[in-house]
Amino acid sequence: MDLKLGLENFLEHHVNEYKGKRIGLVTNMTGVDHRLTPTIDLFHQHPDIRLTALFGPEHGLRGDAKEGAKVGNEVDPKTGLPVYSLYSETRIPSKEMLEDVDVVFFDLQDIGARYYTFIYTMANVMEACGTCGKEFVVLDRPNPINGVQVEGNLVESGFTSFVGQYPLPNRHGLTIGELAHWFKHEGHISCDLRVIEMTGWKREQYFDQTDLFWVQPTPNTTTMDMMLLYPGTCLIEGTTLSEGRGTTKPFEYIGAPCIDGYDLAKRINQTNIPSIIARPVSFVPTYQKHMNERCEGVQLHITDRRRLKSFSTGLKVIETIAELYPKEFAFREKNEEGLDFFNLLAGTDRLKDMITNGKVDDFLEECEELSAAFNKEAIKYHCY
């Protein structure tokens, strides 16, 4: 076994340093070792680990809640421990939640895109630990879409949210532990941070090049192709198009009832998006947008993932649909709180106009400079 997770290195080398301390654990079903034994069980059953509280992110501790659904506090039936939800009215642990805890451990699998709420749950817990004087320990895991490629724009002031809480690019190229270092220093979070690093992971590796089993962090995190496309196709959530939720290929299928799949596939393939072939598809989403309606559209197939530009792929596809269907294409309306979801995903209010006016290439040129500058600074936080 060449790769050792932060979890495994902790259990092998560092447990004695925390003997007698009361430990809180932020995790879900992705917190497992090479044999798929849950971190919860490994901690709860360990004679030298005093596990006193569990904390769950979006989708809950066991991953059975849908995206966006608020999750309540509960008692874990397997361990009898309190489970505090960090995806409810409360997203930052309160002083009361941390009362019976000396150290908070974090063991969650990220997927390498800035929209993923798990990384902001981590930042929020870091903040709370700093306020309450608790140590925060990250058990590092791989970035499944590699730690080399960085793409996208940075979240601008006024457009921060739980899908973009810090000025990260859409594809950030960092592990969860490296992000913790970045949040501490660039996000000015004052906390006692420790990262238990992996050994044997290489930055250029994709998850399926490791010897780990893949456990889906969220219900729609289905395949390697989905994760590779997600930094770009997640933006489709901010439009009236279906991003494939409610199908077996979320973020790979894109369509709507108004679209002719053959025409769209032909036009996208004529655009010559690097490493992408579009195939016409028909699908009926079982929930969310266009539920129970027949949609036509495309499935995006990746021919060479090392040449793939995830972010520009998503933008070029949206721009193509906006050009082909100018009357039908639309961005989602503001929600009850007056928030524009597309702008929050985009991290800016400039991208909408550039899509509808056919100026995506201009935006992508700006993004190349922004992501390159981010990457140059982020290298100082690389652990591998």
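Residues numbered from 1 in each chain as written. Predicted model: local features only at pLDDT ≥ 70, side-chain atom pairs only at ≥ 80, totals over all residues. Heavy atoms only, no water.

Chemist: Would you mind going over the sheet that holds strand β1 (residues 22–27) with me for this structure?
Modeler: Two orientations exist for strands paired in a sheet by backbone hydrogen bonds: parallel and antiparallel. With mixed pairing, seven strands are arranged side by side in an open sheet as β3-β4-β2-β1-β5-β6-β7. Strands at the two margins of the open sheet, each flanked by one partner only, are β3 (74–75) and β7 (192–196). When β1 meets strand β5 (residues 103–107), the two strands line up parallel, connected through five bridges. Bridging across to β5, Thr27 finds its partner in Asp107. Sheet strands in contact with helix α3 (residues 117–132) are β1, β5, β6 (135–139) and β7, and its direction is about 155 degrees off that of β6. (Pairing = 2+ DSSP bridges. Helix = DSSP H or I, 4+ residues; strand = E, 2+ residues; numbered from the N terminus. Contact = heavy atoms within 4.5 Å. Axes fitted to C-alpha atoms, helices over the stretch in contact; angles between N-to-C directions.)

Chemist: Would you mind going over helix α7 (residues 310–324) with me for this structure?
Modeler: Residues spaced three or four apart along an α-helix point in a common direction, a consequence of the helix completing one turn every 3.6 residues. Here α7 is 15 residues long and its end C-alpha atoms lie 22 Å apart, about the 21 Å a rise of 1.5 Å per residue gives. Counting buried positions along α7 yields 13 of 15 residues, so the element is predominantly enclosed. (Expected span 1.5 Å × (residues − 1). Buried < 20%, exposed > 50% of the residue type's maximum accessible area, 1.4 Å probe, protein only.)

Chemist: When you look at the nonpolar core in this model, what are you seeing that I'm missing?
Modeler: General note: in soluble globular proteins, nonpolar side chains tend to be found buried as a group. Ranked by size, the top nonpolar core spans 117 residues in total, and within it Phe43, Phe105, Met122, Phe136, Phe183 and Leu235 carry the most contacts. Take this core: its biggest share by element is nine residues, from α3. Ignoring anything within four residues of it in the chain, the contact list for Phe136 reads Val104, Phe106, Met122, Val125, Met126, Cys129, Asp192, Leu193 and Arg194. (Core = buried A, V, L, I, M, F, W, Y, C linked by side-chain atoms within 4.5 Å.)

Chemist: Any chance you could explain the sheet that holds strand β9 (residues 276–283) here in plain terms?
Modeler: Taken together, the three strands give an open sheet; going across it, the order is β8-β10-β9, and neighbouring strands pair in antiparallel fashion. In this open sheet, the two strands that pair with only one neighbour each are β8 (253–256) and β9. Going across the sheet, the axis of each strand differs from the next one's by a mean of 25 degrees, ignoring polarity. Taken together, the eight bridges between β9 and strand β10 (residues 295–302) define a ladder with antiparallel strand orientation. Bridging from a neighbouring strand, Pro280 pairs with Val298 of β10.

Chemist: What exactly am I supposed to notice about the packing of aromatic side chains here?
Modeler: Each aromatic ring pair is specified by the distance between its two centres and by the angle formed by the two planes. Tallied over the full model, the rule gives 24 aromatic pairs. Relative to Tyr230, the ring of Tyr115 has its centre 5.6 Å away and its plane inclined at 90 degrees; by these criteria the two rings are edge-to-face. Placement of Tyr115 in the loop between β5 and α3 and of Tyr230 in helix α5 (residues 224–233) is noted, with a sequence separation of 115 residues between them. By the burial criterion, Tyr115 is buried, and Tyr230 matches it. Counting every residue linked through ring pairs, the aromatic cluster contains Tyr87, Tyr120, Phe162, Tyr166, Trp182, Phe183 and Phe374. (Phe/Tyr/Trp six-rings, centres within 6.5 Å; stacked < 30°, edge-to-face > 60°.)

Chemist: When you look at the packing of α3 against helix α4 (residues 176–186) in this model, what are you seeing that I'm missing?
Modeler: Packed helices, taken two at a time, are described by the angle their axes make and the gap between the axes. Interaxial distance between α3 and α4 falls to 10 Å at its minimum, and their mutual angle equals 50 degrees. By the criterion of interaxial angle, the relationship of α3 to α4 is oblique. Between α3 and α4 lies a crossing of right-handed hand. Between α3, through Ile119, Tyr120, Met122, Ala123 and Met126, and α4, the contact on the second element is made entirely by Ile176, Leu179, Ala180, Phe183 and Lys184. (Parallel < 35°, antiparallel > 145°, perpendicular 65-115°, else oblique. Left-handed = near helix turned anticlockwise from the far one by under 90°.)

Chemist: Mind showing me how you'd approach the packing of α5 against α7 here?
Modeler: At a minimum axis distance of 6 Å, the contact between α5 and α7 shows a crossing angle of 60 degrees. By the angle between their directions, the pair α5 and α7 is classed as oblique. Viewed along their axes, α5 and α7 form a crossing whose handedness is right-handed. Residue-level contacts link Leu228, Leu229, Pro231, Gly232 and Thr233 of α5 to Ser310, Phe311, Thr313 and Gly314 of α7. Class assignment for the residues of the contact of α5 with α7 results in four nonpolar, five polar and no charged. (Nonpolar A, V, L, I, M, F, W, Y, C, P; charged D, E, K, R; others polar.)

Chemist: Would you explain the state of the cysteines in this entry?
Modeler: For the coordinates displayed, the defined rule picks out zero disulfides. We note that Cys129 lacks a disulfide partner, and the nearest cysteine sulfur, in Cys191, lies 6.6 Å from it. A relative accessible area of 1% places Cys129 in the buried class. A disulfide-free cysteine, Cys132 has its sulfur positioned 7.4 Å from the sulfur of Cys129, the nearest such atom. (Disulfide = S-S within 2.5 Å.)

Chemist: Looking at this model, I keep getting lost on the pairing of strand β2 (residues 50–56). Mind explaining?
Modeler: Within a regular strand, side chains alternate between the sheet's two faces. Judged by how many residues are buried, β2 sits mostly within the fold: six of seven residues are covered. Bridge analysis of β1 against β2 gives five bridges, and the strand direction is parallel. Paired with Val26 across the bridge in β2 is Phe55. Between the parallel elements β1 and β2, the chain passes through helix α2 (residues 39–44) in a crossover that is right-handed. As defined by bridge partners, β2 adjoins strand β4 (residues 82–85) across three bridges and the pair is classed as parallel. In the strand pairing of β4, Leu54 is matched with Val83. (Right-handed = clockwise from strand over helix to strand, strands pointing away.)

Chemist: What is the right way to look at the environment of Glu74 in this model?
Modeler: Of note, Glu74 is situated in strand β3. For Glu74, a relative accessible area of 41% gives the class partly exposed. For Glu74 and Leu54, which are 20 residues apart along the polypeptide, the C-alpha to C-alpha distance reads 9.8 Å.

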